[in-house]
Amino acid sequence: MRLLLLTFALAGAAAAQPAGFRTVPTDSVQWQPIPNGQGAQSALIAGNPSQPGTYVIRVKFPPHVMDRPHSHRRDRHVTVLQGRWFAGTGPDFAPDKAQVLPAGSYMFHPAGGVHWDGSNSDDTVIVQIIGEGPVTSADIDPALASWVKLPG
């Protein structure tokens, strides 16, 4: 009975949130296509990556879609929410040598650290990224497309 009362109390507390709290239910996440992203999408969860301050975004990689080696100006924290995320570091794009990180995994991207990542399987992958804005990205080889569809 005590557990049942605690459950109701916590549910009531979640429904009546004090000022400043914000929730984003899964069905409220608004996915937007990434230009030239081979079907990849992103969703802004909180903040604004183009402005100073903390931001939270999600990126959805369709099966067999990855981004090529690039870096960001500031640190980023990445958590795998769904699927198996394939992540590699360094300037050489080698999807077959990527580290495979299942849902629940975390990876830190240091400022300026060259990396590439996405889905190299039949899984749709969703990652959540937390960072400090403003964020900028730089492709290692701007002559190549930033996103690639791998053979499935």
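Residues numbered from 1 in each chain as written. Predicted model: local features only at pLDDT ≥ 70, side-chain atom pairs only at ≥ 80, totals over all residues. Heavy atoms only, no water.

Visitor: Explanation requested: the overall build of the chain in the structure shown.
Guide: Counting secondary structure elements, the chain contains 1 helix and 12 strands. From first element to last, N terminus to C terminus, the chain shows the α and β order α-β-β-β-β-β-β-β-β-β-β-β-β. Residues classed as buried in the chain amount to 36% of the 152 residues present. Taking all contacts inside the chain whose residues are at least 6 apart in sequence as the whole, residues at least 24 apart take part in 72%. Carbon and sulfur atoms make up 58% of the accessible area of the chain, which totals about 8,900 Å². (Helix = DSSP H or I, 4+ residues; strand = E, 2+ residues; numbered from the N terminus. Buried < 20%, exposed > 50% of the residue type's maximum accessible area, 1.4 Å probe, protein only. Contact = heavy atoms within 4.5 Å. Areas by Shrake-Rupley, 256 points an atom, 1.4 Å probe, with all protein chains shown as cover.)

Visitor: Before we go on, may I ask you to explain the packing of aromatic side chains in this structure?
Guide: The description of two aromatic rings rests on the distance between their centres and on the angle between their planes. Applying the stated rule across the entire model yields 2 aromatic pairs. With a centroid separation of 5.7 Å and 40° between ring planes, the pair formed by Phe 61 and Trp 147 is classed as tilted. One end of the pair, Phe 61, is in strand 3 (residues 53-61); the other, Trp 147, is in strand 12 (residues 147-149), with 86 residues separating them in the sequence. Neither Phe 61 nor Trp 147 differs from the other in exposure class; each is buried. Between Phe 93 and Trp 116, the aromatic rings sit 5.4 Å apart at their centres with planes inclined by 75°, giving edge-to-face as the arrangement. Pair noted here: Phe 93 is in the loop between strand 6 (84-89) and strand 7 (99-102) and Trp 116 is in strand 9 (residues 115-118), with a separation of 23 residues, a long-range link. Taking the relative accessible area as the measure of exposure, Trp 116 reaches 3% and is therefore buried. We note Lys 60 situated over the ring of Trp 31; from NZ or CZ to the ring centre the distance is 4.5 Å. (Phe/Tyr/Trp six-rings, centres within 6.5 Å; stacked < 30°, edge-to-face > 60°. Lys NZ or Arg CZ within 6 Å of the ring centre and 35° of its normal.)

Visitor: Would you mind going over the confidence of the model for the chain with me for this structure?
Guide: When pLDDT is averaged across the chain, the result is 91; 89% of the residues are at 70 or more. pLDDT under 50 marks residues 1-14. Its contacts with residues more than four places away, or in other chains, come to 0 contacts. (pLDDT = per-residue confidence, 0-100.)

Visitor: What is the right way to read the pattern of salt bridges from this model?
Guide: When charged atoms on two side chains of opposite charge get close, those side chains can pair. Tallied over the entire structure, the rule returns 1 salt bridge. In this structure, Arg 84 engages Asp 123 in a salt bridge whose closest nitrogen and oxygen atoms are separated by 2.9 Å. With Arg 84 in strand 6 and Asp 123 in the loop between strand 9 and strand 10 (125-133), this residue pair connects regions lying 39 residues apart in the sequence. Residue class for Asp 123 comes out partly exposed when judged on its relative accessible area of 25%. (Salt bridge = Lys/Arg side-chain N within 4 Å of Asp/Glu carboxyl O.)

Visitor: What am I meant to see in the nonpolar core here?
Guide: One broad rule of soluble globular proteins: the nonpolar side chains tend to lie buried together. Core analysis: the largest hydrophobic core is formed by 17 residues, its most contacted members being Val 59, Phe 61, Trp 85, Leu 101, Val 127, Ile 129 and Trp 147. Those elements that provide at least two residues to this core are strand 3, strand 5 (76-82), strand 6 and strand 10. Contact partners of Trp 147, with chain neighbours within four places excluded, come to Ile 34, Asn 36, Gly 37, Gln 38, Ala 40, Val 59, Phe 61, Val 65, Met 66 and Asp 67. Grouped together as the second largest cluster of nonpolar side chains are 6 residues, Met 66, Phe 86, Val 148 and Leu 150 included. (Core = buried A, V, L, I, M, F, W, Y, C linked by side-chain atoms within 4.5 Å.)

Visitor: Is there a simple way to think about the side chain of His 109 in this case?
Guide: With respect to the element layout, His 109 can be found in strand 8 (residues 106-109). Here His 115 takes part through its side chain, which lies 3.3 Å from a polar atom of the side chain of His 109. Setting aside chain neighbours within four positions, we find His 109 in contact with Arg 74, Asp 75, Arg 76, Val 78, Trp 85, His 115 and Asp 117. (Polar contact = N/O pair within 3.5 Å; in protein donor to acceptor, adjacent residues only side chain to side chain.)

Visitor: How should the environment of Ser 28 be read in this particular structure?
Guide: Relative to the assigned elements, Ser 28 resides in the loop between helix 1 (2-15) and strand 1 (32-33). The exposure class assigned to Ser 28 is partly exposed, which follows from its relative accessible area of 39%. Measuring from C-alpha to C-alpha, the distance between Ser 28 and Ile 45 comes to 9.7 Å, with 17 residues separating the pair along the chain.

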